[in-house]
Amino acid sequence: MSNEQLSRARTSLGVVFFPAFDWAISPTHPEREERLLYTRDQLTEEGLFDIEGIHEYRPELMPLEDVARVHFCLPSIGAVVTDSHLAAAGGAITAARLVLEKRERKAFALVRPPGHHAMRVVHGNRGFCNINNEALMLAWIRSQYRHPSGRPLRFAIVDTDVHHGDGSQDIFWNDPDTLFISLHQDGRTLYPGTGFIEESGGPAALGRTVNIPLPPGTSDAGYLYVIEHVVLPILRDFKPDLVINSAGQDNHFTDPLANELLTAQGYAALNARLNPDIAVLEGGYAIRGALPYVNMGICLALAGLPATDIREPDWREDVTRQSDKITAYIEWVSDRVLGQYFKPPRMPHEGREDHGFWVQDRHIYYDTDGISEQQKVRYKLCPACHGFATWQTHSSRTPHSLCVLIPRNACHECRQKAQEQLDEARRSGRYTQVLCLDESMSIPPNTWPLEEKTWQ
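Summary of the structure given here. What you see is a predicted model; the values in this text were computed from it and never measured.

Some words on the pairing of strand E9 (residues 209–214)
- Taken across its six residues, E9 has six buried, putting it largely inside the fold.
- Of the two faces of E9, the one carrying Thr-209, Asn-211 and Pro-213 and the one carrying Val-210, Ile-212 and Leu-214 are both buried.
- One ladder, built from six bridges, connects strand E8 (residues 178–185) with E9; its direction is parallel. By the bridge assignment, Ile-181 is partnered in E9 with Val-210.

Here it is in structure tokens:
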């Protein structure tokens, strides 16, 4: 790559960096500060920030109370969230602010701890995640901006982490204005064991959850095929106002926790074709052999620069070659996924209808903290809005609690019935805690600042 090619970014890029020096699951755990320290050294040594149009930023600290925009934290927010989590979520918000205020065209939040396994209800850490950085970022945007037409803002999250983004899926499962697409190693072979094609969204958002389970041994060719033949056609149809890449890097061929074969150049090509507005780091645990090179490739792609000279020290063509059998299987999966998006099922795959509600009984295990949780989730089936929801939840750490979600643009009847359930629960004394999360906010003064997207 010539110096002339790298002298100026074609697309301005803000890189928000936060390694979380004071937070790790354990000193030798894969999710620790070295994940980003080697990356920081690599970006500096390669002169990334010497390129005109690429700038480094520090994250803002998200206020503790803003966690309640998205999560029910039990027994309390303070028991679940540390300052490092607030800085990671704040880094995602900083990235959004850079783009929305038109200070940069693209932004990459290189932050940790990750967040995409954190669900609506949080009792502790699962999958290395406590709170969901992308969900908190979108909640912040919705609290600050409206579309000029008055319609709801439409967002797409494309999660390319090797693990299914079950937390993001849970949060946006019944939200028709948020499209969640997850490309991940098949849940039959990897944690968290979910993310199958049939999981397509809640009763008010059927087709808005898109799962693309890929077989072990999927390489650059497989991921790029799915982007071209599934993800981009769906984005063209959905027409989001903003696209976010949950940029997990644990599908790299050297990652110790999974079995995929993506390379740094593959990641760069994926981001160049996806062309997200914002990327937020999720997983990735090959600390020396992958992350510095992958993050460099993603930065160059977001800045519109070539990444053809990036090569990991352990790369060999024979190691990252995809078999013909896997190629054929990926093509079959892609056809099924695309067909289901355009012709979604009439009812969700998970749960049952019960007296005007869609009900799910769930058991959730917090693998990091060893917590076992039982949930009964009820979504109101409402023709006028996407319905309020309740969670009856208890765990090995926290007694019975009731959580009530009032969605954005909730109709008068749903708001009234939600309030009745809250009042009855508080009077009954059956619950240790009764919590309410009201997403319905007054229309903020800022109008949406982005140009309409054109999908190629």
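A word on the sheet that holds strand E12 (residues 352–354)
- Spatial strand order, E12-E13-E14-E15-E16-E17: six strands in an open sheet with mixed pairing. Single-partner strands in this sheet number two, and they are E12 and strand E17 (433–438). Between one strand and the next, the sheet's axes are offset by a mean angle of 25°, whatever the strand orientation.
- Here E12 pairs with strand E13 (residues 357–366) via three bridges, running antiparallel. Directly across from Asp-354, in E13, lies its bridge partner Phe-357.

Considerations on the side chain of Asp-241
- By the secondary structure assignment, Asp-241 is in the loop between helix H6 (220–238) and strand E10 (242–247).
- With relative accessibility at 4%, the residue Asp-241 sits in the buried group.
- At a separation of 2.7 Å, a polar atom in the side chain of Asp-241 contacts the side chain of Arg-151.
- Those residues within four positions of Asp-241 in sequence are excluded, and the remaining contacts are His-147, Arg-151, Pro-152, Leu-153, Arg-154, Asp-277, Trp-448, Leu-450 and Lys-453.

Here we look at the pattern of salt bridges
- The final tally for this structure, using the stated rule, is 24 salt bridges.
- Among the salt bridges present, the one from Arg-103 reaches Glu-101, with a minimum N-O distance of 3.1 Å.
- Residue classification places Arg-103 among the partly exposed residues on the basis of a relative accessible area of 45%.
- Ionic pairing is found between Arg-316 and Asp-318, a salt bridge with its closest N-O pair at 3.0 Å.
- A network of salt bridges, in which partner residues are shared, links Arg-120, Arg-142, Asp-175, Asp-177, Arg-408 and Glu-439.

A few points about the packing of H6 against helix H9 (residues 324–342)
- The N-to-C vectors of H6 and H9 enclose an angle of 10°; their axes lie 10 Å apart at closest approach. Considering their axes alone, H6 and H9 lie roughly parallel with respect to each other. Contacts from Gly-222, Tyr-225, Val-226, His-229, Val-230, Pro-233, Ile-234, Asp-237 and Phe-238 of H6 reach H9 at Ile-330, Glu-331, Ser-334, Val-337, Leu-338, Tyr-341 and Phe-342.
- Of the residues belonging to the contact of H6 with H9, the class tally is eleven nonpolar, three polar and two charged.

Focus: the environment of Thr-308
- Position of Thr-308 among the secondary structure elements: in the loop between helix H8 (291–302) and H9.
- Separated by 33 residues in sequence, Thr-308 and Asn-275 have C-alpha atoms that sit 17 Å apart.

Some remarks on the nonpolar core
- Judged by nonpolar contacts, the single largest core of 60 residues is most densely connected at Ile-54, Phe-108, Leu-179, Ile-181, Leu-183, Ile-212 and Val-231.
- Tallying contributions element by element places H6 first for this core, with ten residues.
- With near-sequence residues (within four places) excluded, Ile-212 lies in contact with Ile-181, Ser-182, Leu-183, His-184, Val-226, Val-230, Val-231, Val-333 and Val-337.
- Counting residues in each nonpolar core, the second largest holds 48 residues, with Trp-23, Ala-87, Ile-131 and Phe-172 among its members.

Rules and cut-offs
Residues numbered from 1 in each chain as written. Predicted model: local features only at pLDDT ≥ 70, side-chain atom pairs only at ≥ 80, totals over all residues. Heavy atoms only, no water. Buried < 20%, exposed > 50% of the residue type's maximum accessible area, 1.4 Å probe, protein only. Helix = DSSP H or I, 4+ residues; strand = E, 2+ residues; numbered from the N terminus. Pairing = 2+ DSSP bridges. Axes fitted to C-alpha atoms, helices over the stretch in contact; angles between N-to-C directions. Polar contact = N/O pair within 3.5 Å; in protein donor to acceptor, adjacent residues only side chain to side chain. Contact = heavy atoms within 4.5 Å. Salt bridge = Lys/Arg side-chain N within 4 Å of Asp/Glu carboxyl O. Parallel < 35°, antiparallel > 145°, perpendicular 65-115°, else oblique. Nonpolar A, V, L, I, M, F, W, Y, C, P; charged D, E, K, R; others polar. Core = buried A, V, L, I, M, F, W, Y, C linked by side-chain atoms within 4.5 Å.

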